[in-house]
Amino acid sequence: MTHRTNNNTIVRTVSSVRTDQTRTGLRTGVVENIETESIGSRVVSRALVPFIRPRTISFEGKGFLPNTRVYAFFAGVDVNSFCTPGDVAYNSIGANGQRVSYTAQSDDETFSNVTSPVEGSSLIANGVGEVRGTFRIPNTRFRDQENNPRFRTGEVEFRLTSSSTNSKDESVVETAGQTIYNAQGILETEQETIIATRNARIVQNTVTQNRSLTSSTSRDRIVEPRGRVDPLAQTFLVTEDGGCFVTKVDLYFGAKDKILPVWVEIRDVVNGYPGPKVLPFGRKVLNASDINISSNGATPTTFNFDSPIYLKQGLEYCVVCLTNSLDYRLWISQMGEVDLSGTGRTVSSQPHLGSLFKSQNNTTWNAVQSQDMKLNMYKAKFSTTAGTATLKNEEIGEETTQEDGTTKLYGARLGANPIVLTHDTLEARVKHGDHGMYSTSNNVTITGVKSEISTTLDGAITATSTSLTLTSATGFPGSGTAFVKINNEIISGTISGTAISSLTRGVGGTTAAAHVDDSTIELYMLNNVPLTEINTTHTDISNVNIDSYTITISTSPAVTGGSTDAEVGGANVFATENYRFETGKTIIGSMELPDTDISLNIKKTTGTSPSGTETSFTKDATSSVITLNENFKLDSTAIVASRINELNELGGASSLELPITLSTTNENLSPVIDLDRASLIAVSNRVNDVESSSDVYPTANFVDSTKPSGDNNSAIYFTKSVVLESPATALKIFFAAQKHSSADIKIMFRIKPQNSDEDFEDLGFTYFNTDGSPDGGITNSLDENDFREYFYTAGLDDEGSGTALEEFKQFQIKIILQSTDAANPPRIKDLRAIALAT
């Protein structure tokens, strides 16, 4: 982030004989944090992404006013309730695919006024002006989230400011900083060759402008705000073959501030003077406690950059040292003076092929030809032996917490009331769209199922109490065994009225604890079924449909009323899932320089198609080559498995690996991959094959394809309803199709007879040729580019054969695409329909 006191205030003085106008605002400028060289791009497709997706992002700010509370604003909206102060903890992949927990910082500072901050706690800069935390972009899709703010995609400002109202008035804002969060609003598939590692960074300067409505003369001057930096810069020339990567810089300090930090930047040089562009990763901040000082310039302070910085051969760059304090002193060398380090030698040459520059405003620079900054600069030396970095999948889905209050779970948030209980049936159906678990060997963990019936505790209980009393028994069982949940503990016992006795504490792996009077008690049962039988890990599933499956329970549900089914569970149910895919594309930020090379491979795990019989959970023994950041197609369906499936079916190994081989023939250069911009777009083909009620569970949910609406096949195309000017008695359909042996294409039509009064939407469909097949029969394609012509006729054909249809003036075509192999769905193009009169 950029501290406000680092910005220029530009005042324009205007002379005019008429009324002056004055405006004050923000001037947005681009500090290029990227070096690019493009040879052209080609946009393949565009898709609109209107709102920023929910995710948790981490932030870190330096140079704020110490010990000051700051407020967070995102797109100008107060988001303090979604920010958590403190160090950033995250999971990563360790050896053998095991998840390892890391903390981004190790100083254990809370950056708040509480010992254990939570989401919404006050965010306070520490004693050296640092602040860290996370911001959770909220979800707005589900019930109880309607009031959460949602943000349009694009360049969105994230701002930390001492103003609780996000004022931009410098006279009332003690400290502030902002950066740009870039969420792409248009998803483009394009190909471009560039040298880049980060997006540009936007900075905003406060600008005051005076102007006259008539002709006038004016001049601009730079006004230094309080706390203005007074930087030093040293230019240097890159002479290494092909350029180089700078890793760190040693500077030598003679004095330092007690609190305020100092930072180093690597910038470009414009016309021989230090420029404004900071190179990618070219800024490093050190606190005063990290600065070494010496009386003779013998002790270095090392600024290790967060990532190596690429410098091009033959270009001039500069090292700039900045601080908001007046107490820092840097050692320099003066031509003709004696070296104070103890050698006794006279400084007689300039080693950097550059000059020392001084500035009081970070804009206007004065060169001092006889002086140089004392520094050591280090470059990376790369091995010419190729190395491999293997990327592995993270846990997939949204993060939630299980019933014990501590165990994390990653899964999909299901729709409202996704659990279907059937009277006296020891199976519960889970409505889970595109779950990716189409083999019964899959495991699934479910959490968050609730009865939504609760009361309060009448009297406190200890961790060993064997009875409790409910304030009200409304909605609770009148007798028998009852399960309840208080805070994070599940308890079972015998209920009679408002009393529950013979308690069993800490059921379902929870921990027995004391609970105070008036604690909320949730009925932990649904239709007589303890939720411990649902909110748990199920080691197999059955009756798998494309959007549902069943789990086994041991207690028979009691469903009363007019239906034998009860849809229950509430609006906050999560379930683990697989990501199934047959097509993919990597999105990995990379920089491939001359004499360097990047090669990408994939090692995947087999999956099962929605109507297929493939074997799941077989991981590739060897990897196969794919092209970096290009679309690739698989020969068979694959999955990124949920963590419970990786543990139970893959021995804990990751289900997806992307080995990336990096090589170079120039020890000064290396290819680069950006792990902060590494992801995979995985695309699955939503296709199944439903022929009869036996392909659907429950069978009562089967809808025949001839019905006016509804169909259990998922890949269906309807043409628009066509209204004719003159009546017709026949239909002819033409298209080209590519079809694998595992696939099928069925064509149907519906017509509205000339004298019919029925609503067209209430009319059923009819198969062409009684089963939806073409006139000449279906033939399989030889490969994915082999499109063959298909013809369909309803009514009299060209030779007068067949039976004429009843005269009609309106028709619609329905196309059903089926396949038992999701990697080879049927495809059609060039669809034409002709209505004929005989």
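Here, the structure is the one placed above.
Right, let's walk through the structure included here. All values reported here derive from a predicted model rather than from experimental measurement.

1. Details of the side chain of histidine 432
Next up, step 1: Along the chain, the position of histidine 432 falls in the loop between strand E34 (427-431) and strand E35 (444-447).
Next up, step 2: What makes histidine 432 buried here is its relative accessible area of 1%.

2. Some remarks on the packing of aromatic side chains
The description of two aromatic rings rests on the distance between their centres and on the angle between their planes.
Next up, step 1: Per the stated rule, a full pass over the model turns up 19 aromatic pairs.
Next up, step 2: With 5.2 Å between their ring centres and 45° between their planes, phenylalanine 59 and phenylalanine 158 make a pair best called tilted. One end of the pair, phenylalanine 59, is in strand E5 (residues 55-61); the other, phenylalanine 158, is in strand E13 (residues 154-161), and 99 residues separate them in sequence.
Next up, step 3: Under the relative-accessibility criterion, phenylalanine 158 is labelled buried at 4%.
Next up, step 4: Ring centres 5.3 Å apart and planes at 45° place the aromatic pair phenylalanine 245 and tyrosine 310 in the tilted group. Within this pair, whereas phenylalanine 245 is found in strand E19 (residues 244-255), its partner tyrosine 310 is found in strand E22 (residues 300-311), the two being separated by 65 residues in sequence.

3. Structural notes on the side chain of serine 162
Next up, step 1: Among the structural elements, serine 162 can be located in the loop between E13 and strand E14 (176-183).
Next up, step 2: A relative accessible area of 16% means that serine 162 is categorised as buried.
Next up, step 3: Within the structure, serine 162 has its side chain in polar contact with the backbone nitrogen of glutamate 174 (distance 3.0 Å).
Next up, step 4: Not counting chain neighbours up to four residues away, the residues in contact with serine 162 comprise Thr68, Arg69, Val70, Tyr71, Val173, Glu174 and Thr175.

4. Considering the sheet that holds strand E12 (residues 131-137)
Next up, step 1: The strand order across the open sheet formed by three strands is E5-E12-E8, and the pairing between neighbours is antiparallel. Two strands lie at the open edges of the sheet, namely E5 and strand E8 (83-85), each paired on one side alone. On average, each strand axis in the sheet is tilted by 25° relative to the strand beside it, whichever way the strands run.
Next up, step 2: Both E5 and E12 contribute to a ladder of seven bridges, which runs antiparallel. Within E12, the residue paired with arginine 55 across the bridge is isoleucine 137.

5. A word on the pattern of salt bridges
Next up, step 1: For the structure on display, the rule yields 24 salt bridges.
Next up, step 2: For lysine 604, the salt bridge identified is with aspartate 620, shortest N-O distance 3.1 Å. Note that lysine 604 is positioned in the loop between strand E50 (596-602) and strand E51 (605-606) and aspartate 620 in the loop between E51 and strand E52 (624-626), a separation of 16 residues in sequence.
Next up, step 3: Exposure remark for lysine 604: the relative accessible area of 16% places this residue in the buried category.
Next up, step 4: Judged by its relative accessible area of 21%, aspartate 620 is partly exposed.
Next up, step 5: Across the pair arginine 643 and glutamate 646 runs a salt bridge whose closest N-O atoms are separated by 2.8 Å. Here the residue arginine 643 and the residue glutamate 646 both occupy positions in helix H1 (residues 643-649), the gap between them amounting to three residues, near one helical turn.
Next up, step 6: Judged by relative accessible area, which is 14%, arginine 643 ranks as buried.
Next up, step 7: Under the relative-accessibility criterion, glutamate 646 is labelled buried at 0%.
Next up, step 8: Counted as one network, the salt bridges with shared partners bring together Glu60, Lys62, Glu130 and Arg132.

Calculation criteria
- Residues numbered from 1 in each chain as written.
- Predicted model: local features only at pLDDT ≥ 70, side-chain atom pairs only at ≥ 80, totals over all residues.
- Heavy atoms only, no water.
- Helix = DSSP H or I, 4+ residues; strand = E, 2+ residues; numbered from the N terminus.
- Buried < 20%, exposed > 50% of the residue type's maximum accessible area, 1.4 Å probe, protein only.
- Phe/Tyr/Trp six-rings, centres within 6.5 Å; stacked < 30°, edge-to-face > 60°.
- Polar contact = N/O pair within 3.5 Å; in protein donor to acceptor, adjacent residues only side chain to side chain.
- Contact = heavy atoms within 4.5 Å.
- Pairing = 2+ DSSP bridges.
- Axes fitted to C-alpha atoms, helices over the stretch in contact; angles between N-to-C directions.
- Salt bridge = Lys/Arg side-chain N within 4 Å of Asp/Glu carboxyl O.

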